[in-house]
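# A closer look at the structure
In case you want the letters, here they are:
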Amino acid sequence: MKITIVYDNEADAGLKSGWGFSCSIETEERILFDTGDSGEKLIYNLKQLNIQPESIAAVVISHNHWDHTGGLKEFLKLNNNCEVFHPKSFSKPTEISPAVYSTGALGGLIKEQSLVVKTEKGNLVITGCAHPGLENIIKKSKELGKIYGVLGGFHGFSQLEKLQKIELIAPCHCTQYKQEIKETYPAQFREIKAGSIIEI
Ligand SMILES: [Zn+2]
Ligand SMILES: [Zn+2]
């Protein structure tokens, strides 16, 4: 199972950064989770990372904010064959493809879904902005099994004790307390940005 960060507020040399998030998840199929805030930058980064847009079987949108949906229109011009799952597609945990599940839409005003990816080491939870509260996303995700890692935008998440038993903690994008998370969990913390690859 391989995750490639395609889009983030920060980027490796040779890639474009922008306010937003997107990552590619490779299991038996390739799934794109979120599309950043700019189609031009998304397509550029996909090319640089050698990810062919037409190789993507499904796009999952975490929530309806521009920094997650901004690249979708341009992307669909290059691949109109993929399934698109909007945050309102699911009201409860659902399988999207073998080994990849949606938590279903959580939250009040801002409906947001996160992904739960099955790996040999346990489940990896991937969030867009985590508006429903990372603690609530973690709680919901546990219905699908033991959590090995959490990755993505954690927004204003501050209940750091909820991360105690998690072995891989990779916050990016809108995470406000990234530094505190890093200081609290130095061994589990993983710095990620556009271009980062995580293989589990
Ligand atoms: Zn965001
Ligand atoms: Zn948002």
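This section reports on the structure supplied with the text. (Residues numbered from 1 in each chain as written. Chains lettered and ligands numbered in written order. Predicted model: local features only at pLDDT ≥ 70, side-chain atom pairs only at ≥ 80, totals over all residues. Heavy atoms only, no water.)

## Digging into the sheet that holds strand β8 (residues 115-119)
- Sheet architecture is open: 6 strands sit in the order β6-β7-β8-β9-β10-β11, paired in mixed fashion. The open sheet has two edge strands with one neighbour each: β6 (94-97) and β11 (168-172). Across this sheet, the average inter-strand angle for adjacent strands is 25°, counted without regard to direction.
- Examined bridge by bridge, strand β9 (residues 122-127) and strand β10 (residues 147-153) share 5 bridges and lie parallel to one another. When the sheet's bridge partners are listed, N123 is paired in β10 with I147.
- Against the sheet, helix α4 (residues 134-141) contacts β8, β9 and β10, and its axis sits at roughly 145° relative to β9. (Pairing = 2+ DSSP bridges. Helix = DSSP H or I, 4+ residues; strand = E, 2+ residues; numbered from the N terminus. Axes fitted to C-alpha atoms, helices over the stretch in contact; angles between N-to-C directions. Contact = heavy atoms within 4.5 Å.)

## Comments concerning the coordination of the zinc ion (ligand 1)
- Only D67 (OD), H68 (NE2), C129 (SG) and H173 (NE2) from the protein coordinate the zinc ion (ligand 1), and they sit 2.1 to 2.2 Å from it.
- Here the donor residues for the zinc ion (ligand 1) map to a single chain with the spacing D-H-x60-C-x43-H.
- In this structure, the zinc ion (ligand 1) is positioned 3.7 Å from the zinc ion (ligand 2), and both are ligated by C129. Taken together, the positions of H68 in helix α2 (residues 66-69) and C129 in the loop between β9 and α4 put the pair 61 residues apart, joining distant regions of the chain. C129 shares its class with H68; the two are buried. (Donors = N, O, S within 2.8 Å, 3.2 Å for Na, K, Ca; no water. Buried < 20%, exposed > 50% of the residue type's maximum accessible area, 1.4 Å probe, protein only.)

## Comments concerning the pairing of β9
- Across the 6 residues of β9, 6 count as buried, placing the element largely inside the fold.
- As paired elements, β8 and β9 share 5 bridges and run antiparallel to each other. Counterpart to V117 in the pairing with β9 is L124.
- Hairpin connection from β8 to β9: 2 residues lie between these consecutive antiparallel strands.
- For the crossover from β9 across α4 to β10, the handedness is right-handed. (Right-handed = clockwise from strand over helix to strand, strands pointing away.)

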